[in-house]
2 protein chains.
Amino acid sequence: MIDLCKFCQHKSKASEQLSDSELSAQSDNCAEYRFKKGDRIIRQGTLSSNVVFLREGLVKLHMTGPLHEQIIKLTNGPSYLGLPTTFGDKVNHYSVTAIEDSLVCFIDLNTFKTFIMNNPVFAFELFIELCINELNSYHRCVNRTQKQVSGSLAENLLFFADDIYHSDEFILPLSREELGNLIDASRESVSRTLNEFQNEGLIQIDSKKIILLDKKRLQLISQYG
Amino acid sequence: MIDLCKFCQHKSKASEQLSDSELSAQSDNCAEYRFKKGDRIIRQGTLSSNVVFLREGLVKLHMTGPLHEQIIKLTNGPSYLGLPTTFGDKVNHYSVTAIEDSLVCFIDLNTFKTFIMNNPVFAFELFIELCINELNSYHRCVNRTQKQVSGSLAENLLFFADDIYHSDEFILPLSREELGNLIDASRESVSRTLNEFQNEGLIQIDSKKIILLDKKRLQLISQYG
DNA sequence: ATAACTTTGTGATAGAAATCACAATTGAAT
DNA sequence: ATTCAATTGTGATTTCTATCACAAAGTTAT
């Protein structure tokens, strides 16, 4: 268990600022778990007692809204999960669920706090990360409220290809229902719109497998659709 | 100009953690401005070069979406404005406009950074504030995407009464159009829904003046409408 | 393999809200 | 006071999407 964190290949930008002794302290106060696709990592409504760091994998942050479930965002590792829900309140305001097999570290809250208090560069990096997250959350919200189904769908297909899988061909890790929760549409509308995209030659669908055929046009739809 | 900040009655929770010498340094590197209703305080797209602190007043954070303007949120003082846009990127991602006469302090960025680096309690307070902001932004987004016009409108009327004016009778500081930008509805829908509310005896409207008559029912509409 | 359950596709219908169009009101400027 | 511009109210129409209903296809378990 000695110095596991020191040699971790998936450090956050903040934890790259930790000293050897701090990393060693983190190793001693940290537990590693593997989650299978579908496993709940953080549960809305429960006490948040650890800092959660996603080393590898893909997860969804989601919360129950007034009418239905909503996926707030998707995050792939390496990245902290739920800093806001850990430090913003005692209780988790949202859930986190693996949508692909994921490797997660749970870091003791007090140890983490010590780093913030004693290592200003670490604290500053976290601070910056939170700022960027908040900006992104504003952008996501503006987009999801203003775009219609085809626009949001195109946007998210491009997001999967460009930011998650780095390939124009990928296995969609979400059901149609979940895709709907991500873009604020019903299961049926997602189905229909995906088929429209296929009929117009924008994409090719083979059940969960998606191939993006015309990214230029998808980009246009994402912007103005 | 000596120690203006020290005796400021509108300190942020974070700046209450600053030492006398730090407050004095802040006084020396800080400028105070008064903005009239309608004045732009931060302009989307320009360089963000100062930390902006709203001492008194009421402002809207807003950004241009793919289709129209959207009000991200309303903030009243005392509160930092645009920490995310100041530290998250060099360029402002959103605008801030006074919707009531406001008193604002511009704090030198480097001075502020020094505080973060040298005063961990200050940094931690800011960190917590950002976390809470992000949680709130998630909740606002879920609500505005899932509720329909009457629900969002009821929610925001209650927000004005309870959180901004602390009175069930207030002068609405936004035009119908702006209210629409806040709840993702058209100007016309806002007009119509306000009138419905009046016809059902929920509120009384006298042009900009609003009186909430039945908050219980407004709460129900806010939840399930 | 079969049964039971979940996910998905697709047509028909209904409903909420945008848009369009225009009148009325308010406010600002001269 | 008068003019011009901006804001607001209201009806008619259109559009998008949710919902409903049911069939088809996949998955999982026994």
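Residues numbered from 1 in each chain as written. Chains lettered and ligands numbered in written order. Predicted model: local features only at pLDDT ≥ 70, side-chain atom pairs only at ≥ 80, totals over all residues. Heavy atoms only, no water.

(A) Quick look at the state of the cysteines. Tallied over the full model, the rule gives zero disulfides over all chains. Among the cysteines around Cys5 of chain A, which has no disulfide bond, Cys30 of chain A carries the closest sulfur, lying 4.3 Å off. The thiol of Cys105 of chain B is unpaired, and the distance to the nearest cysteine sulfur, on Cys30 of chain B, comes to 4.3 Å. You can call Cys105 of chain B buried: its relative accessible area is 7%. (Disulfide = S-S within 2.5 Å. Buried < 20%, exposed > 50% of the residue type's maximum accessible area, 1.4 Å probe, protein only.)

(B) Quick look at the protein's contact with DNA strand D. With respect to spatial proximity, 16 residues lie near DNA strand D, and among them Gln148 and Ser189 of chain A together with Arg187, Ser191 and Asn195 of chain B are the closest. Taking Val149 of chain A, its main chain carries an N or O atom lying 2.8 Å from a phosphate oxygen of DNA strand D. Between DNA strand D and the protein, one listed contact pairs a phosphate oxygen with a side-chain N or O atom of Asn195 of chain B at 2.3 Å. Residue assignment for the surface near DNA strand D shows that the elements contributing at least two residues are α7 (187–199) of chain A together with α7 (187–199) of chain B. For the surface near DNA strand D, the element with the most residues is α7 of chain B, which contributes five residues. Partitioning the surface near DNA strand D into residue classes produces two nonpolar, six polar and eight charged. (Near = heavy atom within 4 Å. Polar contact = N/O pair within 3.5 Å; in protein donor to acceptor, adjacent residues only side chain to side chain. Helix = DSSP H or I, 4+ residues; strand = E, 2+ residues; numbered from the N terminus. Nonpolar A, V, L, I, M, F, W, Y, C, P; charged D, E, K, R; others polar.)

(C) Region of interest: the protein's contact with DNA strand C. Close contacts around DNA strand C come from 16 residues, with Arg187, Ser191 and Asn195 of chain A together with Gln148 and Ser189 of chain B the closest. Near the protein, meaning within 4 Å, the atoms of DNA strand C are sugar or phosphate in a fraction of 49%, with bases accounting for the rest. Contact distances for DNA strand C include 2.9 Å between a phosphate oxygen and a backbone N or O atom of Arg176 of chain A. The side chain of Ser191 of chain A places a nitrogen or oxygen atom 2.2 Å from a phosphate oxygen of DNA strand C. Those elements giving two or more residues to the surface near DNA strand C turn out to be α7 of chain A together with α7 of chain B. Among the elements that make up the surface near DNA strand C, the one with the highest residue count is α7 of chain A (five residues). Residue composition of the surface near DNA strand C, grouped by class: two nonpolar, six polar and eight charged.

(D) Expanded view of the sheet that holds strand β7 (residues 169–171) of chain B. Residue and element names in this part refer to chain B. Pairing is antiparallel across the open sheet formed by three strands, whose spatial order is β7-β9-β8. Two strands in the sheet have a free side with no partner beyond their single neighbour: β7 and β8 (203–206). Strand-to-strand, the axes of this sheet are offset by a mean angle of 15 degrees, without reference to chain direction. Relative to strand β9 (residues 209–212), β7 runs antiparallel, the two being bridged by three bridges. For Ile171, the partnering residue across the bridge sits in β9 and is Lys209. (Pairing = 2+ DSSP bridges. Axes fitted to C-alpha atoms, helices over the stretch in contact; angles between N-to-C directions.)

(E) Representation of the sheet that holds strand β9 (residues 209–212) of chain A in the model. All names here are of chain A. Reading across the sheet, the three strands line up as β7-β9-β8 and stay open at both edges, with antiparallel pairing between neighbours. The sheet is open, and its two borders are formed by β7 (169–171) and β8 (203–206), each paired with just one other strand. Recorded for the sheet is a direction-independent mean angle of 15 degrees between the axes of neighbouring strands. The pairing of β8 with β9 spans four bridges and is classified as antiparallel. For Asp206, the partnering residue across the bridge sits in β9 and is Lys209. On top of the sheet, helix α5 (residues 149–165) reaches β7, β8 and β9; it is set at about 95 degrees to β7, its chief contact. (Contact = heavy atoms within 4.5 Å.)

(F) The arrangement of the pattern of salt bridges in detail. This structure, assessed with the given rule, holds 21 salt bridges over all chains. A salt bridge links Arg217 of chain A to Asp214 of chain A; the nearest nitrogen and oxygen atoms lie 3.3 Å apart. Taking relative accessible area as the criterion, Arg217 of chain A reaches 36% and is therefore assigned partly exposed. Measuring nitrogen to oxygen at the nearest pair gives 2.8 Å for the salt bridge that ties Lys215 of chain B to Asp162 of chain B. (Salt bridge = Lys/Arg side-chain N within 4 Å of Asp/Glu carboxyl O.)

(G) Just the relation of the copies chain A and chain B, in detail. Each copy superposes on the other: chain A lies on chain B with an RMSD of 0.0 Å after a rotation of 180 degrees and an axial shift of 0.0 Å. The symmetry that links the two subunits is that of a two-fold axis. With an isologous cut-off of 70% or more, the 100% of interface residues of chain A that recur at the interface of chain B puts this contact in the isologous class. (Least-squares fit on C-alpha atoms with pLDDT ≥ 70 in both.)

(H) Looking closely at the packing of α5 of chain A against helix α6 (residues 176–183) of chain A. Residue and element names in this part refer to chain A. Orientation of α5 relative to α6, taken along the N-to-C sense of each, is 105 degrees, at an axis distance of 10 Å. When the interaxial angle is binned, α5 and α6 end up roughly perpendicular. Across from Val149, Ser152, Leu153 and Asn156 in α5, the residues of α6 making contact are Leu179, Leu182 and Ile183. Here the residues of the contact of α5 with α6 are counted per class, giving five nonpolar, two polar and no charged. (Parallel < 35°, antiparallel > 145°, perpendicular 65-115°, else oblique.)

(I) Structural view of the nonpolar core. The biggest cluster of nonpolar side chains holds 48 residues, and the ones touching the most others in it are Phe87 and Phe112 of chain A together with Phe87 and Phe112 of chain B. When near neighbours in sequence (up to four residues on either side) are disregarded, Phe87 of chain B contacts Phe124, Phe127, Ile128 and Cys131 of chain A together with Val51, Leu109, Phe112, Lys113 and Ile116 of chain B. (Core = buried A, V, L, I, M, F, W, Y, C linked by side-chain atoms within 4.5 Å.)

(J) Seen up close, the interface of chain A and chain B. Counting from both sides, the interface comprises 45 residues of chain A and, opposite them, 45 residues of chain B. Where chain A abuts chain B, roughly 4,200 Å² becomes buried across the two surfaces, and 75% of that area is made up of carbon and sulfur atoms. At the boundary of chain A and chain B, one finds zero salt bridges. Across the contact surface, chain A and chain B share nine residue pairs in polar contact (both at pLDDT 80 or more). (Buried area = accessible area lost by both parts, 1.4 Å probe.)

(K) View of the packing of helix α6 (residues 176–183) of chain B against α7 of chain B. Residue and element names in this part refer to chain B. The N-to-C vectors of α6 and α7 enclose an angle of 100 degrees; their axes lie 8 Å apart at closest approach. Classified by the interaxial angle, the pair formed by α6 and α7 is roughly perpendicular. Contact residues: Arg176, Glu177, Leu179, Gly180 and Ile183 in α6; Arg187, Val190, Ser191 and Leu194 in α7. Taken together, the residues that form the contact of α6 with α7 break down as four nonpolar, two polar and three charged.

Structural measurements only, silent on function.
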